[in-house]
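Topology and contacts: notes
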Amino acid sequence: MNNEEKLNNNSQRYKFISTNDGSVGLYNYIVDDIYHSIYGAREEAEDKFVRPLEFKKNFSNKDNLKILDICYGIGYNSKALLKKIIQTKYKGKVSLDIVEIDKELVLLSPFVKDGFFKLYPEISYLLLHSFGQELVSNEPLYNDLHRVLTSDDNKKYIEPFYRPLIKKLKKWRYINTSRRTMKAFLHNIYYHCISQRNKKPYKCLKLNNFSIKTYFEDARVVVQSLSNQYDIIFLDAFTPSKLPTLWSLEFFRELYRLASDNCMLLTYSNSASVRHAMIESGFTVGKLFDKCGRHCGTAASKNPELIKNKLDEYDLGLIKTNAGVYYRDKNLNQTPEEILEEQKTRKLSSNLESSSHYIKRYKKELEHHA
Ligand SMILES: C[S@@+](CC[C@H](N)C(=O)[O-])C[C@H]1O[C@@H](n2cnc3c(N)ncnc32)[C@H](O)[C@@H]1O
């Protein structure tokens, strides 16, 4: 069994962790990687995936917004964007396509303590509304999820508002049909959303303006089946060197096909090989900076005007070193091990300058010109 298969089959695949902004993060045992930055799962989503969009300027005048969230996990990036959509009082239609191999995480996402719930409970309501039937119609998955949500060890990671409701959900499930169960459950949450305290933000959220679709499969298979032209694409896969499947040249070519002319593709990765694959696919590529001015990711678009901080001479030099050798996945079906091995072979036979040599040489040349 390879890592991808293990990701969906192992009941002990993840654990909750607390992150520094008070929101809940996850750690994955199989890939040995965190799902969220320890400095804050919510802040990370806002800093790396939403702030760089400059939503008001670039997207708020569109009638239709098509979003593709690849590697949704427990949904921080989509939630942060939904918050922005509510904040800016965006009135158009929103379609959100969620791609995630681990279904349990998606169904868990409305319930976790994410730092959005207090001011924007309607985000969680919207997600539950979309995932509702899935949640009650799959018995084994439902039982696993219920165990996670009600375990004493996990209590502090679950939004307090949901704890008593989740207990009821279990009871209702045995008394009612699943449709009625979910209706009653959503009814409670709906009234919470429109309670006096939340009246104002709720006004901006008309449920029929949102359509959410879920794809619970390998993103490589999903992207090949899609034909939409997306305005916003989030790519939040695990670290490339640990799980390279969603960072190959062939994968970025698919994303290029799915990107509208003014689409922005965002990722947290600063990797030279990832940037090289994006450029090779046709994108204009730029760097992201966090609030403190540190590098925090990469933006790509077909429209160069949307890219604020284009890669500079140094970055473009780096992608020509051995660090810039991108991953290949010819038919989008190779195992992570095969992809890593193939890249290693190409690196060895390429005779390219090493990145460390390049960095030293570049610094020296700068000093020389200073
Ligand atoms: C870094 S985490 C994403 C965190 C997420 N954006 C969030 O806000 O919680 C990476 C996610 O990619 C998913 N994943 C890994 N391989 C995948 C694949 N081939 N297709 C789709 N999802 C995959 C994992 O299950 C995991 O949830």
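This section reports on the structure supplied with the text. (Residues numbered from 1 in each chain as written. Predicted model: local features only at pLDDT ≥ 70, side-chain atom pairs only at ≥ 80, totals over all residues. Heavy atoms only, no water.)

**Some remarks on the overall build of the protein chain**
Within the protein chain, the regular secondary structure consists of 16 helices and 10 strands. Classification of the 370 residues of the protein chain by burial places 54% in the buried group. For the protein chain, the exposed area adds up to about 17,400 Å²; of that, 49% sits on carbon and sulfur atoms. (Helix = DSSP H or I, 4+ residues; strand = E, 2+ residues; numbered from the N terminus. Buried < 20%, exposed > 50% of the residue type's maximum accessible area, 1.4 Å probe, protein only. Areas by Shrake-Rupley, 256 points an atom, 1.4 Å probe, with all protein chains shown as cover.)

**Points about the site of the ligand**
Taken together, the neighbourhood of the ligand is formed by 22 residues, with H36, I74, E100, A219 and D236 sitting nearest. At 2.8 Å from an oxygen atom of the ligand is found a main-chain nitrogen or oxygen belonging to I74. Note that a nitrogen atom of the ligand is positioned 3.4 Å from one of the side-chain N or O atoms of N77. When the ligand sits alone it has 600 Å² of accessible area, and the protein chains cover 99% of it. (Near = heavy atom within 4 Å. Polar contact = N/O pair within 3.5 Å; in protein donor to acceptor, adjacent residues only side chain to side chain.)

**Details of the nonpolar core**
Core analysis: the biggest nonpolar cluster contains 104 residues, and I70, I85, L108 and L235 have the highest contact counts within it. No other element matches helix α6 (residues 121–137), which puts seven residues into this core. L108 has contacts with Y14, F16, I74, L145, V148 and L149, leaving out every residue within four places of it along the chain. (Core = buried A, V, L, I, M, F, W, Y, C linked by side-chain atoms within 4.5 Å. Contact = heavy atoms within 4.5 Å.)

**A few points about the environment of G282**
In this fold, G282 is placed in the loop between α13 (272–281) and β9 (284–289). The exposure class of G282 is partly exposed, given its relative accessible area of 38%. When the C-alpha positions of G282 and F252 are compared, they lie 9.1 Å apart, and in sequence the two are 30 residues distant.

**A closer look at the packing of helix α4 (residues 76–87) against α6**
Helix packing for two helices is described by the angle between their axes and how far apart those axes are. Two numbers describe how α4 lies on α6: the axes approach to 10 Å, and their chain directions differ by 120 degrees. As far as their axial angle goes, α6 and α4 are oblique. The element α4 and its partner α6 pack so that their crossing is right-handed. When α4 is examined against α6, the residues K79, L82, K83 and I86 are found in contact with a partner set consisting of E122, I123, L126 and L127. (Axes fitted to C-alpha atoms, helices over the stretch in contact; angles between N-to-C directions. Parallel < 35°, antiparallel > 145°, perpendicular 65-115°, else oblique. Left-handed = near helix turned anticlockwise from the far one by under 90°.)

**A closer look at the sheet that holds strand β7 (residues 230–235)**
Think of a sheet as strands paired side by side through backbone hydrogen bonds, with each pair either parallel or antiparallel. Read from one edge to the other, the open sheet built from seven strands follows the order β6-β5-β4-β7-β8-β10-β9, with strand pairing classed as mixed. The open sheet has two edge strands, β6 (210–215) and β9, and neither has a second partner. Pairs of neighbouring strands in the sheet enclose a mean axial angle of 20 degrees, with direction left out of account. Looking at chain direction, strand β4 (residues 64–70) and β7 are connected through four bridges and run parallel. The residue of β7 that forms the bridge with I70 is L235. (Pairing = 2+ DSSP bridges.)

**A look at the pattern of salt bridges**
Across all of its chains, the model carries 21 salt bridges by this definition. With a closest N to O distance of 3.9 Å, K308 and E54 form a salt bridge. Within this pair, whereas K308 is found in the loop between β10 (295–301) and α14 (313–318), its partner E54 is found in the loop between α2 (41–50) and α3 (55–58), the two being separated by 254 residues in sequence. A residue is classified by how much of its surface remains accessible, and K308, at 65% relative accessible area, is exposed. We classify E54 as partly exposed; its relative accessible area is 25%. (Salt bridge = Lys/Arg side-chain N within 4 Å of Asp/Glu carboxyl O.)

**Here we look at the side chain of K79**
Among the structural elements, K79 can be located in helix α4. Of the polar contacts made by the side chain of K79, one reaches the side chain of D114; its length is 2.7 Å. Setting aside residues no more than four positions away along its own chain, K79 makes contact with I74, S109, V112, D114, F116, I123 and L127.

**Describing α4**
A rise of 1.5 Å per residue sets the reference length of α4, with its 12 residues, at 16 Å; its end C-alpha atoms lie 16 Å apart and thus fit the reference within 8%. In terms of burial, α4 is largely enclosed, as 10 of its 12 residues are buried. Among the residues of α4, those classed as buried are Y76, N77, S78, K79, A80, L81, L82, K83, I85 and I86. (Expected span 1.5 Å × (residues − 1).)

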